[in-house]
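Remarks on the overall topology
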Amino acid sequence: FAMAAAAARFLLGSVHSRAAATAVALGTHGGPGGALLKGAAARRSGRAAQRRYAAHFTFQPDPVPTKYGPTQKMNLFQSVTSALDNTLASDPTAVIFGEDVAFGGVFRCTVGLRDKYGKDRVFNTPLCEQGIVGFGIGVAVAGATAIAEIQFADYIYPAFDQIVNEAAKYRYRSGNLFDCGNLTIRAPWGCVGHGSLYHSQSPEAFFAHCPGLKIVIPRSPVQAKGLLLSCIADKNPCIFFEPKILYRAAVEQVPTEPFHIPLSQAEVVLEGSDVTLVAWGTQVHVMREVATMAQEKLGVSCELIDLQTILPWDTDTVCKSVVKTGRLLISHEAPVTGGFAAEISARVQEECFLNLEAPIARVCGYDTPFPHIFEPFYIPDKWKCFDAVKRMINY
Amino acid sequence: MLTIVSNALRGSASKNGTRLVVSARSYADFTPQVSFDIKRCDVHRLDQGPPDKTVLTREQGLQYYRTMQVMRRMELKADQLYKQKIIRGFCHLYDGQEACAVGIEAGIKPDDHLITAYRAHGYTYTRGVPVKEILAELTGRKGGVAKGKGGSMHMYAKHFYGGNGIVGAQVPLGAGVALACKYHGNSQVCVALYGDGAANQGQIFESYNMAALWKLPCIFICENNKYGMGTSVERASANTDYYKRGDFIPGIRVDGMDVLCVREATKFAADYCRSGKGPILMELQTYRYHGHSMSDPGSPVLLYGCCSFFLVRGTNPWIKLKSVS
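Only a predicted model underlies this, so the values are computations on that prediction, with no experimental measurement involved.

**A look at the overall build of chain A**
What chain A contains, in helices and strands, is 16 helices and 14 strands. Residue burial in chain A is summarised as follows: out of 395 residues, 57% are buried. Contacts in chain A between residues far apart in sequence, at least 24 positions, make up 82% of those at least 6 positions apart. Surface exposure of chain A reaches about 16,400 Å², of which carbon and sulfur atoms provide 57%.

**A look at the sheet that holds strand 10 (residues 280-285) of chain B**
Residue and element names in this part refer to chain B. If you trace the 6 strands from one edge of the open sheet to the other, you get 2-9-10-6-5-4, paired in mixed fashion. In the strand order of this sheet, the two ends are held by strand 2 (42-44) and strand 4 (113-115), each with one partner. Sheet twist, expressed as the mean angle between neighbouring strand axes with direction ignored, is 20°. Most of the contacts of helix 8 (residues 202-213) go to strand 6 (residues 218-224), to which it runs at about 150°, and overall it touches strand 5 (190-195), strand 6 and strand 10. Sheet contacts for helix 10 (residues 259-274): strand 6, strand 9 (251-255) and strand 10; angle to strand 10, the most-contacted strand, approximately 170°.

**Brief notes about the pairing of strand 4 (residues 146-149) of chain A**
Residues and elements named next belong to chain A. Taking every second residue as pointing to the same face, both faces of strand 4 are buried, with A146 and A148 on one and I147 and E149 on the other. Of the strand pairs in this sheet, strand 2 (residues 95-98) and strand 4 are connected by 4 bridges, and their pairing is parallel. Paired with F97 across the two strands is A148, which belongs to strand 4. As judged from the 4 bridges shared by strand 4 and strand 5 (residues 183-189), these two strands associate in the parallel manner. Residue pairing for strand 5: A148 is matched across the bridge by I185.

**What to know about the sheet that holds strand 5 of chain A**
Whether parallel or antiparallel, the strands of a sheet pair through hydrogen bonds between backbone atoms. All names here are of chain A. One open sheet holds the 7 strands; their spatial order is 3-2-4-5-7-6-12, and the pairing between them is mixed. Either end of the sheet is taken by a strand with one partner, and the two such strands are strand 3 (122-124) and strand 12 (309-311). Ignoring which end each strand starts from, the neighbouring axes of this sheet average 20° apart. Pairing of strand 2 with strand 3, which is carried by 3 bridges, proceeds in the parallel orientation. The residue bridging I96 from the neighbouring strand is V122, located in strand 3. Along the sheet face, helix 10 (residues 221-233) touches strand 4, strand 5, strand 6 (214-216) and strand 7 (238-243) and points at about 165° away from the line of strand 7.

**Quick word on the UniProt feature "domain: Transketolase-like pyrimidine-binding" (unreviewed entry) in chain A**
As recorded in UniProt, the feature "domain: Transketolase-like pyrimidine-binding" (unreviewed entry) lies at residues 74-249 of chain A. Between the C-alpha atoms that bound residues 74-249 of chain A the distance is 10 Å, and the span itself is 38% helix and 16% strand.

**What to know about the pairing of strand 6 of chain B**
Regular strands show a simple pattern: their side chains alternate between the two faces of the sheet. All names here are of chain B. Burial within strand 6 is extensive, with 7 of its 7 residues counted as buried. In this sheet, strand 6 lies alongside strand 5 in parallel orientation, the contact comprising 6 bridges. What sits directly across from Y194, in strand 6, is C222. Note on the crossover from strand 5 through helix 8 to strand 6: the handedness is right-handed. Here strand 6 pairs with strand 10 via 6 bridges, running parallel. Note on strand 10: the bridge partner recorded for I219 is I280.

About the thresholds
Residues numbered from 1 in each chain as written. Chains lettered and ligands numbered in written order. Predicted model: local features only at pLDDT ≥ 70, side-chain atom pairs only at ≥ 80, totals over all residues. Heavy atoms only, no water. Helix = DSSP H or I, 4+ residues; strand = E, 2+ residues; numbered from the N terminus. Buried < 20%, exposed > 50% of the residue type's maximum accessible area, 1.4 Å probe, protein only. Contact = heavy atoms within 4.5 Å. Areas by Shrake-Rupley, 256 points an atom, 1.4 Å probe, with all protein chains shown as cover. Pairing = 2+ DSSP bridges. Axes fitted to C-alpha atoms, helices over the stretch in contact; angles between N-to-C directions. UniProt positions renumbered as here; feature names shortened; annotations may be inferred. Right-handed = clockwise from strand over helix to strand, strands pointing away.

Below, the structure is given as structure tokens:
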């Protein structure tokens, strides 16, 4: 593309300046200028102080699932495509719509579906989130399966009224005469390393405050496919947040056939006896590292729970674990005040007060907008969580 | 192959490089001003539109050219820095649309107000922020115009309200600023910019209604660059005559690649608002040379559209201007 752009500029006789022409030459691979740039970058990355890590976690794939049939290597966006493919194949009323989904979507989640199933089943909407969700509610109420995509979770707020006031309350207010259970809303979610204010948000807490919805956040490709298919099948409007940093980073062997992972059942990812760690989405992988660090450095055995469904959340699994360990650490990227950790914290202290050995710790984002340059300081990384574990153990 | 191209360009640049030539000749050889015929604008609910003749003085011409050149080079440099990962996050470049920013600034006064969406680097510059502060903001440095905390989409200056990430959210804000101007009675106007993608947001229409109802001195400007990210206007809008979308608000359709056309239209619109007649809508037909943002995968599609656009319109914003200097 850059070559063609250079050619286009040349043909137009647009002689900007010497610098611009050189910039064009350098912009592509090859040429002495390009090598110079690469060399400079390499020298710069050699100095540890200036290095910015690519991610604050390492993705750990789960063991290959054997009970769902043959598997294929997929990353998170491919597992989403696979789930949508299965849905469009088995459900003739299913439609997928959103901004730019026709060509495959900005995160490639809908690649190939339009060609396979037709443009009346996979289509673009104009830039109007409120319209997208409102339209989706209508489609669902009339009996078709609606899968709406909001391009980034940060943009979901124009649709907040439609989700909270219309979708969530439809069944209740019509006395079960109508419902929009066929509606599933998908949105990329969470920090990505360079998203800053409007491409990194985790809005699950806003919607958790609304009865009538289900909110689901997977941690890996296998979970994503199973949970998304469950959301689509579920008879309630569901919001499915996909951790965008995992779209390419998370690779696993994912079953090609459709399968369901039950909603509202938290999964105990690691068994332990001293501290319960609760997280969801990307943060589960951070907590895995925290558990390893705690074992190595403190001799502390951590039990890690992936909540998976935020609303309605699995209180039994978490409380049972806290009864066993006596200590609870909850971690999420969203700001701490009013974040979902507060709800878990309140409920657990209600149910397990006498079992608690230390106050429940919440390691979350600070109460600021999601920062641009300060992201590494803002996110609840493994060091902050490890520190919280240490304090709980020594309480 | 590119080295040959760049050497050729470099050679021809130094041969007919305008800057060099200007400094070599004496100013007495130049006429102080020229008058031009500019493209007539389509109008909606107006008896007459902006004038189709305009006068450009030498100083103005050089100033517009210089400003557009700086903006272009700044954006191309930002492109390069982004690819080197020195600028991170999201970066929406403005090259190709320079005539819009420069023309608008030429048509309004420095104490008028302006608000736009995320493709804001050009406006940040025309509203008076030095290039150094813009680049510092892009790279997240303390010396940046928002202390490095905002990045590409969040740049602000006196009478410039950004720099807004959420599509369409800035337009009701602009209407609000216009209300403040009317309330203060200072005959200032507010220019609220948005794109062809944002033109389908509900809050735009809410703003139109409030501005018309209360006769706010607000100039709504739709920068129609033919693509809302990757979706072309025909596939996003039932009505692509964005200057008519204000319905009860008068509208003008302007050639956004011609800085003089934009200037005259903006002057016309500003006079309209200042005379208390209420809001007015302008559609600037323009084009961006980059994808929606630096991480946008749709670039090859846009290049195809870009080439056909040039064949049809045969314009490049400051080539037009340069050819008359």
